[in-house]
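Read off the chains here:
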Amino acid sequence: MRAKGIFLLALLVLPLLAAACAPDAAARASRELRVCADPNNLPFTNQRLQGFENEIAALVARDLGATVRYIWWAQRRGFIRNTLNAGVCDVVMGVPSSFDLARVTRPYYRSTYVFLSRRSRRLGVRSFDDPALRKLKIGVQIIGDDYANAPPAHAFTKRGIVGNLIGYTVYGDYREDSPPARIVRAVAAGEVDLAVVWGPLAGYFAPRQQVPLDMVPVSPQIDLPFLPFVYDISMAVRRSDPQLQEELDTILEKRRPEIDAILSRFGVPRVGRGAIARGGI
Amino acid sequence: MERIVRRALTLGLAAGLACTLACRTRERTDALRPAEPSGQRTSSGVPPAIASREAEDGQWLMAAKDYANTRFSGLQQINTANASHLKVAWTFSTGLVRGHEAAPLVVNDILYVVTPFPNDLYALDLTKPGAPTKWVYRPQPTAAAQGVACCDVVNRGAAYAGGRIFYNTLDNHTVAVDAATGQEVWKTKLGDINKGESITMAPIVVKGKVLVGNSGGEFGVRGWLTALDAGTGQIAWRAYTTGPDNDVLLGPGFKSHYPQYRGKDLGVQSWPSEAWKIGGGTVWGWISYDPELDLIYYGTGNPGPWNPDQRPGDNLWTCGIFARDPDTGEARWFYQWSPHDLHDYDGINENVLLDLNVNGRLRKVLVRPERNGYVYVLDRATGEVLSADPFAYITTSKGIDLKSGRPILSPDTKPEVGKVVRSICPAAPGAKDWQPSAYSPRTGLLYMPGNNLCMDFEGVEASYIAGTPFVGANARMYAGPGGNRGVFTAWDPVARRAVWKLEEKFPVWSGALVTAGDVVFYGTMDGWFKALDAPTGKELWKFKVGSGIIGQPITYRGPDGKQYIAILSGVGGWSGAIVAGELDARDATAALGFAAAMKDLPDHTTRGGMLYVFSLP
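Residues numbered from 1 in each chain as written. Chains lettered and ligands numbered in written order. Predicted model: local features only at pLDDT ≥ 70, side-chain atom pairs only at ≥ 80, totals over all residues. Heavy atoms only, no water.

Colleague: Help me out: how do you make sense of the overall build of chain B in this one?
Modeller: Within chain B, the secondary structure is distributed over 6 helices and 40 strands. Looking at chain B residue by residue over its 617 residues, the buried ones come to 68%. Summarising the internal contacts of chain B: among those between residues at least 6 apart in sequence, 62% fall at separations of at least 24. Of the roughly 18600 Å² of accessible surface on chain B, 50% is carried by carbon and sulfur atoms. (Helix = DSSP H or I, 4+ residues; strand = E, 2+ residues; numbered from the N terminus. Buried < 20%, exposed > 50% of the residue type's maximum accessible area, 1.4 Å probe, protein only. Contact = heavy atoms within 4.5 Å. Areas by Shrake-Rupley, 256 points an atom, 1.4 Å probe, with all protein chains shown as cover.)

Structure follows, in structure tokens:
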């Protein structure tokens with residue numbers, strides 16, 4: 001009886017001991033990288049993991065020895081508050097490196113706003129100062145009336161180009177796939193002559209339209225006094241998590257070729273890649 | 001809570017008070033009472049919406065108490081002499097931690113509470129000790145579109161009519177629930193959360209129609225007011241705030257006092273290109289009704305989502321007030337508080353309908369404390385501004401030109417991208433936001449909760465990129481002159497001046513209640529529920545509740561014949577987001593800059609929704 005009891009006890013305890021003796025292995029097996037992301041925001045992320053940020057998250061997680069777990073949340077006002085800063089996840093992909101609501105990693109790409117138009121129009125617009133812009137019907141993306149609208153709207157307003165702007169809310173209709181892509185479809189359909197669109201969005205959706213579209217990086221890159229059109233992009237972690245930031249920085253440095261390959265595959269226009277230094281702009 | 005009596009009240013005290021007040025009332029003012037709507041059944045089969053309030057029935061049937069939006073109750077068991085003895089009678093927890101802005105209802109010995117999202121409706125049985133839950137109705141608004149709704153998840157209350165409770169869910173449904181059983185009678189979808197629309201306002205029921213407006217101006221939503229048949233839930237009419245006359249329901253019956261509102265399709269013409277299609281002007285505030293003139297009155301929200309420079313023009317019909325025919329929705333007149341709004345001054349506050357002596361003549365007016373810092377008195381038949389007087393510290397304008405009806409703006413407080421503008425007063429929430437005032441026909445005073453907030457705008461960088469998280473606006477708010485962020489004002493609309501003012505540490509974000517016992521009630525964001533002497537503002541009693549108050553106090557007569565006072569505590573809303581949403585106090589621009597002004601709120605209150613009911617021992 002007694003011997004049998006001890007045997008049973010050993011059966012119960014041994015696995016526990018084994019686990020206790022190999023904490024690293026256990027931790028590695030169970031490490032999770034919790035990523036908060038929009039479930040409907042291609043080319044960045046979606047629930048079917050078809051976005052380039054989905055791929056980059058998987059790449060980074062592999063190096064961390066972790067599995068990715070997504071927490072889905074529409075990217076609206078309060079996104080960071082309700083996700084990263086509410087402690088429900090560890091990482092948010094793709095924030096501007098100047099982002100001040102969280103701790104950011106080193107930038108992993110730099111992109112630009114582009115002028116997008118139908119190739120058949122041969123507009124050749126390269127600059128916000130092109131006089132042709134006064135006569136064209138121009139699409140821009142807008143977000144809110146709290147003086148935080150997207151830079152293209154401000155650049156046009158500053159030049160007195162107002163009456164011929166058509167606004168597309170970035171929120172769009174969330175029932176549609178990737179609502180922000182509507183502005184690209186508007187160019188293809190001839191709703192507007194030209195639109196100013198953030199590079200990754202244009203680069204991914206333009207080739208998927210029925211008609212060929214031209215994509216030209218805007219100039220100036222910084223509209224004075226200080227309205228940038230070129231942004232470094234980082235990952236965001238909680239302010240209290242410098243350790244994860246360091247780990248991610250190391251991986252982003254090491255995996256730069258792989259990340260570049262992913263970005264190329266998704267048609268993300270990049271500028272001044274060599275200029276991206278540790279620590280951002 | 002430093003108390004300042006700005007001017008001594010000219011009324012007598014103690015014994016002579018009641019008589020003096022009554023005489024004064026007869027001479028000068030009388031609150032408009034909603035009449036019994038003819039007693040006929042409407043085509044929908046729903047009995048007349050509101051019982052006559054000629055005699056106080058001790059109930060509370062709509063958030064604003066009556067069609068005139070007075071929040072005045074004829075109950076007088078609790079009075080200035082005994083209010084100091086008020087004690088908690090019972091409490092009820094909603095189990096939710098977001099902002100509780102609603103007014104409870106009391107009908108047929110049942111107290112109804114609508115919660116913030118998920119917008120559950122509780123019926124509490126007042127005939128039993130401790131008011132146990134009789135039933136709960138759960139509309140189960142969609143959680144799938146989390147984060148898609150624009151603003152906070154508050155709800156401002158319900159309305160009772162013909163045996164049914166009507167209210168709105170955050171995901172744009174209006175529901176009718178059997179008041180006795182909690183069974184859903186109908187549920188109608190009015191908008192789409194996927195387009196940024198939501199509903200937070202308390203509906204009213206007028207002549208068999210439930211009137212409902214949308215929220216979400218910040219998201220490029222197009223504002224509307226919709227009338228639903230109370231019997232069937234079918235949409236009877238919808239009046240948009242922007243767009244062609246046909247959509248705005250402007251026809252031959254539309255006759256505004258001011259010439260700037262005359263012309264074809266001004267809801268299109270006063271905008272660039274197609275900006276009106278996403279122009280805002282949502283309808284998330286209060287609706288009044290005058291049965292005699294047969295007109296409803298409601299305000300429209302700010303224009304959006306463009307910045308001011310990007311939408312030249314008056315941006316009609318945003319930031320104004322409509323008078324409409326409740327049967328057809330057709331507009332009769334319009335007036336715009338803030339043409340081409342620069343400061344996010346939504347025009348949705350309450351319109352209190354009074355018959356007022358103006359320059360020796362009794363006139364049908366509406367009194368309107370507006371975000372821009374002025375108390376307006378309008379002729380409610382024509383929309384003519386009779387007076388507009390500042391009740392707060394104002395730097396954004398120098399006055400209202402009564403001839404043109406337009407504010408005289410101060411050019412140096414116009415926000416511009418790339419420019420730093422300081423001392424914008426009032427700040428975006430205005431001198432008074434949605435928090436509704438109360439009017440007593442006995443004192444002739446309007447009791448107004450309010451804010452004392454200014455704002456700096458630093459439009460140095462606009463770094464928002466589509467597809468990336470929202471970075472936040474570069475506005476930050478702070479206390480106005482005096483250092484107090486809140487103020488509670490007793491305003492004399494005839495003399496056009498404040499009679500007394502109380503300063504509060506935080507914005508007074510709760511509604512007000514005044515009774516025939518001459519007691520005024522309101523709550524503070526740090527959790528004090530207060531009773532004041534209505535003529536003088538003297539504090540009679542206060543009680544510290546569990547969480548900051550942003551709800552609307554009500555009063556009712558219980559089945560035991562006693563008078564009760566009820567208030568929801570549960571901090572949140574725009575002002576309280578720093579607690580309810582656990583914002584980072586280091587982020588000065590959170591909650592559109594409001595968090596900067598509320599950094600110390602978390603030191604004074606914690607979250608949690610709870611109904612408190614008080615009575616005399």
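Now that the structure has been shown, we can carry on.
Colleague: Help me out: how do you make sense of helix H4 (residues 573-580) of chain B in this one?
Modeller: Structurally, the α-helix is built with 3.6 residues per turn, so residues lying three or four positions apart point the same way. Residues and elements named next belong to chain B. The buried fraction of H4 amounts to 7 of the 8 residues, a majority that puts the element mostly inside the structure. Among the residues making up H4, those that are buried are Gly-573, Ser-575, Gly-576, Ala-577, Ile-578, Val-579 and Ala-580. Considering only its buried residues, H4 is in contact with helix H5 (594-597) and helix H6 (601-604).

Colleague: Hey, could you run me through the side chain of Ser-615 of chain B in this one?
Modeller: Tracing the backbone shows Ser-615 of chain B in strand E40 (residues 610-615). With residues up to four places along the chain from it excluded, the contact list for Ser-615 of chain B reads His-85, Leu-86, Lys-87, Ala-89, Lys-562, Gln-563 and Tyr-564 of chain B.

Colleague: Help me understand unusual backbone geometry in this model?
Modeller: Of all residues except glycine, most have a negative phi; of all peptide bonds, most are trans. Put simply, Ser-219 of chain A and Pro-220 of chain A share a cis peptide bond, and its omega is 0°. Relative to the assigned elements, Pro-220 of chain A resides in the loop between strand E11 (213-217) and strand E12 (222-223). At the junction of Phe-117 of chain B and Pro-118 of chain B, the peptide bond is cis and its omega measures out at 15° in the coordinates. Within the secondary structure layout, Pro-118 of chain B lies in the loop between strand E6 (110-114) and strand E7 (121-125). Not every positive phi belongs to a glycine, and Leu-49 of chain A is a case in point at roughly 60°. Residue placement: Leu-49 of chain A occurs in the loop between strand E3 (45-46) and helix H3 (52-64).

Colleague: What am I meant to see in the pattern of salt bridges here?
Modeller: Pairing between side chains becomes possible if they bear opposite charge and their charged atoms approach one another. Across all of its chains, the model carries 48 salt bridges over all chains by this definition. In this structure, Lys-137 of chain A and Glu-274 of chain B form a salt bridge, with 3.7 Å as the shortest nitrogen-oxygen distance. Taken together, the residues span two chains, with Lys-137 of chain A in the loop between strand E7 (109-118) and strand E8 (138-142) and Glu-274 of chain B in the loop between helix H3 (266-269) and strand E17 (287-290). Between Glu-56 of chain B and Lys-65 of chain B there is a salt bridge whose closest N-O contact spans 2.8 Å. Among the residues examined, Lys-65 of chain B registers a relative accessible area of 2% and is labelled buried. The network of salt bridges with shared partners includes Arg-34, Asp-90, Arg-238 and Asp-241 of chain A. (Salt bridge = Lys/Arg side-chain N within 4 Å of Asp/Glu carboxyl O.)

Colleague: What exactly am I supposed to notice about helix H9 (residues 256-265) of chain A here?
Modeller: Residues and elements named next belong to chain A. Burial in H9 covers these residues: Ile-259, Asp-260, Ile-262 and Leu-263. All buried residues of H9 fall inside an arc of 160° around its axis, so they share one side. Residues of H9 that are exposed and point more than 90 degrees away from the buried face comprise Pro-257 and Arg-265. In this structure, the buried residues of H9 make contact with H3, E7 and helix H8 (242-254). (Arc of directions from axis to C-beta.)

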